[in-house]
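Remarks on the overall topology
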Amino acid sequence: MSLYFANARIFTGDSAYPWATNMRVVDGVVESVDSEPNPGDVLVDLEGKLLLPSFGDGHAHPIYGGYEFLGPQLKDVDGVDGIVASVKKFALEHPDSEWIVGGSYESWLAPNGEFDARWLDAAVSDRPVVLRATDYHTVWCNTRALEIAGVTAETPDPKLGWIVRRADGSPMGTMREWDAVDLILKHVSPYSLDDQVRAISIACNEFVRTGITWVQDAWVEPEMIEAYIAARDRGALSIRFNLALRADPTTWRNQLSWFVDARNQIGTSPELSCSTIKFFADGVIEGATAAVVEGYSDDPHNHGMPVWDWSELRECVAAIDALGFQPHIHAIGDEGLTEALNAIEHAQRVNGEASHSRPVITHVQMLNPRDIPRFVELGVVANFESLWACNDPLQSELTAPRIGHEREMWQYPIRSILTSGGAISMGSDWPVSSQNPLECMEVAITRMVPGDTSIEAWNPAERISVIDAVKAYTAGTAFQAGYETVWGTIRPGLAADLVLLSDDIFTIEPTKIHTVTVERVWRAGNKIFSHNDVS
Ligand SMILES: [Zn+2]
């Protein structure tokens, strides 16, 4: 099967040959660019529109995102009242659900992100309700859920996490970080395999309609391996995935054999692979759990909550690097970032020649400028969720007040890493925030809130060009994935993974990029999305 894409404005991403107007695709692979058609080619007239390599999302949570569609709708609702109404409606429509589980709500809707169990009790009091916040480090539950979990005024805070309390010590209904969140979630019955496959299939649709054809699943628990294999076997994977298995700070030594088994079970095809290990170095600034060198401005004795003992993190990163896995480290605070870099440096020192992975640090939020050159020196890919790099309420209400002005300006140094010669990639952290690469790129380019030009550009010295943003979302994520010879640029020999846009993002006003729509998407030459089919 040969296709001739004609009359297009093609950005190839290949620096030797960045622009073209037509191309041939044979059996799913780009055969030539700016060449003549062959007899028998099927003509695809692109009407002068912009064609790009399709996008890769370097950090997302497909199954959790899919689950959100299986519970009450909490996004795009009107404040706390809207969430409560949505939970009530779902409960009435699902009288047999033992637990009502939902996600995800915006933490800034309540003062300090502290939500009260009684607000949910007003909607549902006879059945347990638990909702995840968009940071996925926090839950809000009703009184029935606290009762089932046995959490009372006498329950001590766990080691990693805390129970938000009222003045009398009783639990308020908000639980922060892993161990506290687990006090509630361990009572929820797990999703069935069918529900997990449904969640993956929903996620595929959500990604593909925004032009994404590869996703780094950044948090895979053991049961999800079966779900991905089942999804593949049932033909439910319309896009490519790489899976990151989560390393646990206390049990990681026992996990090593599982890591290897899971990789063997999944295989190493570019369609579905399992070559990465996920670490959480720390938490998040808005919850005051990111590990920071100087205390939080509003709580100077609090230095956050490192998830790992740092010497254990170094040992674990070295151990998985020696096994040929790629580390993918969540690091948000300046201490968390320094220690993530230290762990990678340690792994390279002890493993020497055997160290061949392409390490990734994700989020790269509050980076001490001193550490910028270390990304190039150590060959670390900086994965940015650039949608967060603007002065939205999460930043202005919950983040900036906790760190003060100097450290506020250290956040998301995308341009600094790029100009220092470091490799960058992009991602969304969906369902934490929108998966739409056009919104995420707009913020990287403008540092402004999409659709709200009344808020000034934030830390504008870190803005990047449209070309650099597109490359970070295409060739940059392909490099992160280790698949730069398979997809990510439009070049002879690479897969025809392509996205056609409604408008030319290189020439329109940058603050309009989020309004551009995806018209068609191809993966390996097969058209897997057309906006005509959905409207
Ligand atoms: Zn994440």
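Values in this document were obtained by computation on a predicted structure and should not be read as measured data.

Right, let's talk about the overall build of the chain for a bit. In terms of helices and strands, the chain carries 17 helices and 23 strands. For 535 residues, the compact-globule estimate of 2.2 N^0.38 gives 24 Å, and the chain sits close to it at 23 Å. Dimensions of the chain along its principal axes, counting C-alpha atoms only, are 80 × 55 × 50 Å.

Here we take up the domain arrangement of the chain. Domain boundaries assigned for the chain yield domain 1 (2-52 + 497-534), domain 2 (71-185) and domain 3 (276-481). Contact residues are listed per partner, giving 10 residues for domain 1 and 15 residues for domain 3. Residue composition of the side of domain 1 that touches domain 3, grouped by class: 7 nonpolar, 3 polar and no charged.

For sheets, the rule is that strands pair by backbone hydrogen bonds, running either parallel or antiparallel. Read from one edge of the open sheet, 8 strands run S8-S14-S15-S16-S17-S18-S19-S20, paired in parallel fashion. Each edge of the open sheet carries a strand with a single partner, namely strand S8 (55-60) and strand S20 (423-426). When the angles between neighbouring strand axes are averaged without regard to direction, this sheet yields 25°. In this structure, strand S14 (residues 212-220) lies alongside strand S15 (residues 240-246), joined through 5 bridges in parallel fashion. For Trp 214, the partnering residue across the bridge sits in S15 and is Arg 240. The sheet contacts of helix H15 (residues 466-473) involve S8 and S20, and relative to S20 the element is tilted by about 75°.

Another point: unusual backbone geometry. If a residue is not glycine, its phi is most likely negative; likewise, a peptide bond is most likely trans. That bond from Gly 103 to Ser 104 is cis: its omega, -10°, falls within 30 degrees of zero. With respect to the element layout, Ser 104 can be found in strand S9 (residues 100-105). Following Trp 430, the chain continues into Pro 431 via a peptide bond in cis, with omega recorded as 10°. For Pro 431, the location among the structural elements is in the loop between S20 and helix H14 (437-446). At His 363, a residue that is not glycine, the phi angle is positive and equals roughly 85°. Along the chain, the position of His 363 falls in strand S18 (residues 360-363). One non-glycine residue, Ala 524, lies in the positive phi region at around 45°. Along the chain, Ala 524 turns up in the loop between strand S22 (518-523) and strand S23 (526-530).

For the rest of this paragraph, the subject is the environment of Met 224. Counting through the fold element by element, Met 224 comes out in helix H7 (residues 222-233). The exposure class assigned to Met 224 is buried, which follows from the 23 C-beta atoms found within 10 Å. Separated by 43 residues in sequence, Met 224 and Val 181 place their C-alpha atoms 20 Å apart. Excluding residues that lie within four positions of it along the chain, Met 224 makes contacts with Ile 63 and Gln 196.

Next up on the list: helix H8 (residues 252-266). Along its 15 residues, H8 runs 20 Å from first to last C-alpha, staying within 8% of the 21 Å computed at 1.5 Å per residue. Taken as a whole, H8 has its buried residues at Trp 252, Arg 263 and Ile 266. Among the structural elements, H7, S15, strand S16 (272-280) and helix H9 (310-322) are those in contact with the buried residues of H8.

Running from N to C, helix H6 (residues 193-208) and H7 cross one another at 65°; their axes reach a closest spacing of 9 Å. Comparing their axes, H7 and H6 come out roughly perpendicular. Every pair of crossing elements has a handedness; the one defined by H6 and H7 is right-handed. Across from Leu 193, Gln 196, Val 197, Ile 200 and Ser 201 in H6, the residues of H7 making contact are Met 224, Glu 226, Ala 227, Tyr 228, Ala 230 and Ala 231. Partitioning the contact of H6 with H7 into residue classes produces 8 nonpolar, 2 polar and 1 charged.

Definitions and limits used
- Residues numbered from 1 in each chain as written.
- Predicted model: local features only at pLDDT ≥ 70, side-chain atom pairs only at ≥ 80, totals over all residues.
- Helix = DSSP H or I, 4+ residues; strand = E, 2+ residues; numbered from the N terminus.
- Rg over C-alpha atoms; globule rule 2.2 N^0.38 Å.
- Domains from an automatic or database assignment.
- Contact = placed C-beta atoms within 7 Å.
- Nonpolar A, V, L, I, M, F, W, Y, C, P; charged D, E, K, R; others polar.
- Pairing = 2+ DSSP bridges.
- Axes fitted to C-alpha atoms, helices over the stretch in contact; angles between N-to-C directions.
- Buried ≥ 20, exposed ≤ 12 C-beta atoms within 10 Å, placed from the backbone.
- Expected span 1.5 Å × (residues − 1).
- Parallel < 35°, antiparallel > 145°, perpendicular 65-115°, else oblique.
- Left-handed = near helix turned anticlockwise from the far one by under 90°.

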